[in-house]
Amino acid sequence: MSHEIQTVSVPEELRSTIAAARRAGKRIGVVPTMGALHAGHLSLVEASCRECGFTVATIFVNPTQFGPGEDFQRYPRPLANDLKLLSDYPVDLVFAPEQATMYPPGSTTFVDVGPVAEPWEGVHRPGHFRGVATVVLKLFNLVAPDVAWFGQKDYQQTLVVRQMVRDLDVPVEIRVCPTIREPDGLAMSSRNVYLSPTERRQAIVSSRSLRLAEHLVAAGERRTETLLARMQALLATEREVQVQYVAIVDPQTLAPVDEVGAGAVALIAAKVGATRLIDNVLLKPSLTR
Ligand code: PAF
C-alpha cells in the first residue's frame, strides 16, 4: 500500500527523527543509494523493512566517487519517481541531502581502506572507493544504523565497506543481498538506461559469461585457466563489448586463484559503447562431487 514518505535533507532533522525511533526501541536499517532506483535497490529496501522496525533510504549522487570524465553530471536523478517507488514499501524516512550538506566548503577528510580497494575497480576507477568509503561512513555517522544493506552486484564495494566498518569500529551489521537480474540475465543497474537497444542486446554477453562459469563449475570444472578461457571466448563473440577485466578471485582478498576451491567469485567489468557495467557471481563447487 502506497504511503507518503517523510523526506529530509538536513542532518538535524534526520538525527531527531531517528532518535525518536530509537527511543521507541526500533532497530534502524539504512539502504544507501544514489537514487535512480530499480528492483535491485527495492529488494534491499524490502529486506530492511522486513527485518528492521525503522528503515531509512538515502539518496545522494556522491561526487567524490566519480572520477574525472565519468558520468557524475549525467547520472540519472529522478527523485520524484524514486520517492514514488519507495512509497510502495513501508520505508520510514528518506534522506536526500544536497551536495553542500554532505561536503560543506572546507571538508578535507577521506577514508582510505587500503588493499581491498586497490585491484579491479580500484585500477579502472582510481579514487572511487575512497569516495565510497567516505560517504558511506558519513551516512553511517548521520543515521547510526543497526543494519546497513548493500547489493552483491557491487561485490568489491561490499568488501570495502566491511573493511572500513571493521577497521574503524563502526557498530553496524553489513548485510548483502543477491543481485537482481533482468529476465535475460543482465544485472540491474541505474546505468542500464544509458544503453541503446543494440547495446542492451550486446551487454548480455557479460552475464552470459558468468553463467557459463557457473555451469562449468557445477559440471565439475575447477581450473580457473579453463574457466577464464571459456568465458573470454564467449565474450569475444560480442566485438562491441570491451572487457576491462574478467577474473576469478578469492572472495575475501580478491586475489586471483588457480582453482575454484571452497568458493571463488567471478568478476567482470566491460564497456558497452560509452557505458561501463560491472557484474559478478559466486562460484560454489557442489560438495558432492
Ligand atoms: O552503491 C551505491 O549506490 C553507492 O556506491 C553508495 C553505496 C550509495 C555510496 O554512494
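Anything mentioned here points back to the structure above.
Overview of the structure. (Residues numbered from 1 in each chain as written. Predicted model: local features only at pLDDT ≥ 70, side-chain atom pairs only at ≥ 80, totals over all residues. Heavy atoms only, no water.)

Around the ligand, a shell composed of Pro 32, Thr 33, Met 34, Asn 62, Gln 65, Val 132, Val 135, Val 136, Phe 150, Asp 154 and Gln 157 is seen. Between the ligand and the protein, one listed contact pairs an oxygen atom with a side-chain N or O atom of Gln 65 at 2.6 Å. Contacts to the ligand include Gln 157, whose side-chain N or O atom sits 2.7 Å from an oxygen atom. Broken down by secondary-structure element, the contributors of at least two residues to the shell around the ligand are β2 (28-33) and α6 (128-143). The greatest single-element share of the shell around the ligand, amounting to three residues, is contributed by α6. When grouped by side-chain class, the residues that make up the shell around the ligand number six nonpolar, four polar and one charged. (Near = heavy atom within 4 Å. Polar contact = N/O pair within 3.5 Å; in protein donor to acceptor, adjacent residues only side chain to side chain. Helix = DSSP H or I, 4+ residues; strand = E, 2+ residues; numbered from the N terminus. Nonpolar A, V, L, I, M, F, W, Y, C, P; charged D, E, K, R; others polar.)

Aromatic ring pairs are described here by two measures, namely the spacing of the ring centres and the angle between the planes. By the definition in use, this model includes five aromatic pairs. Centre to centre, the rings of Trp 120 and Tyr 245 are 5.3 Å apart; their planes meet at 50°, and the pair counts as tilted. Linking Trp 120 in the loop between α4 (99-102) and α5 (121-124) with Tyr 245 in strand β7 (residues 241-249), this pair joins segments that are 125 residues apart in sequence. We classify Trp 120 as buried; its relative accessible area is 17%. Overall, the relative accessible area of 8% leaves Tyr 245 in the buried class. Members of the aromatic cluster, joined through ring pairs, are Phe 66, Phe 72 and Tyr 75. (Phe/Tyr/Trp six-rings, centres within 6.5 Å; stacked < 30°, edge-to-face > 60°. Buried < 20%, exposed > 50% of the residue type's maximum accessible area, 1.4 Å probe, protein only.)

Let us now look at the sheet that holds strand β4 (residues 93-95). Strand pairing within a sheet occurs via backbone hydrogen bonds; the two strands may be parallel or antiparallel. Taken together, the six strands give an open sheet; going across it, the order is β1-β4-β3-β2-β5-β6, and neighbouring strands pair in parallel fashion. In this open sheet, the two strands that pair with only one neighbour each are β1 (6-8) and β6 (173-177). Across the sheet, the mean angle separating the axes of adjacent strands is 25° when strand polarity is ignored. The pairing of strand β3 (residues 54-59) with β4 spans three bridges and is parallel. Bridged to Val 56 within β4 is Leu 93. Of the strands in this sheet, β2, β3, β4, β5 (147-151) and β6 touch α6, which is tilted by about 150° from β2. (Pairing = 2+ DSSP bridges. Axes fitted to C-alpha atoms, helices over the stretch in contact; angles between N-to-C directions. Contact = heavy atoms within 4.5 Å.)

Let's shift gears to the layout of surface pockets. Its volume calculated, the second largest pocket comes out at about 270 Å³. Forming the boundary of the second largest pocket are 16 residues, of which Ile 59, Phe 60, Val 61, Arg 77 and Pro 97 lie nearest the centre. Broken down by class, the residue content of the lining of the second largest pocket amounts to 11 nonpolar, two polar and three charged. (1 Å grid on protein atoms, 1.4 Å probe; cavity = no way out; pocket = protein on both sides within 12 Å on 5 of 7 lines; lining within 4 Å. Points joined across faces, edges and corners; volume = space filled by probe spheres on them.)

This part covers the pattern of salt bridges. Charged atoms that come close allow side chains of opposite charge to pair. The full count for this structure, using the stated rule, is 11 salt bridges. For Arg 191, the salt bridge identified is with Asp 71, shortest N-O distance 2.7 Å. Here Arg 191 is found in the loop between β6 and α8 (197-218), whereas its partner Asp 71 is found in the loop between β3 and α3 (79-86), with 120 residues between them in sequence. Residue classification places Arg 191 among the buried positions, given a relative accessible area of 17%. Close ionic contact of Asp 279 with Arg 181 constitutes a salt bridge, the shortest N to O distance being 2.8 Å. Here Asp 279, found in strand β9 (residues 275-283), pairs with Arg 181, found in the loop between β6 and α8; they are 98 residues apart in sequence, far enough to count as distant. With relative accessibility at 5%, the residue Asp 279 sits in the buried group. (Salt bridge = Lys/Arg side-chain N within 4 Å of Asp/Glu carboxyl O.)

Among the nine residues of β9, eight are classified as buried, and the element is accordingly described as predominantly covered. Of the strand pairs in this sheet, strand β8 (residues 264-272) and β9 are connected by nine bridges, and their pairing is antiparallel. Among the inter-strand pairings, Val 272 is bridged to a residue of β9, identified as Thr 275. From the end of β8 to the start of β9, which pair antiparallel, there are two residues, and Gly 273 there has a positive phi angle of about 60°.

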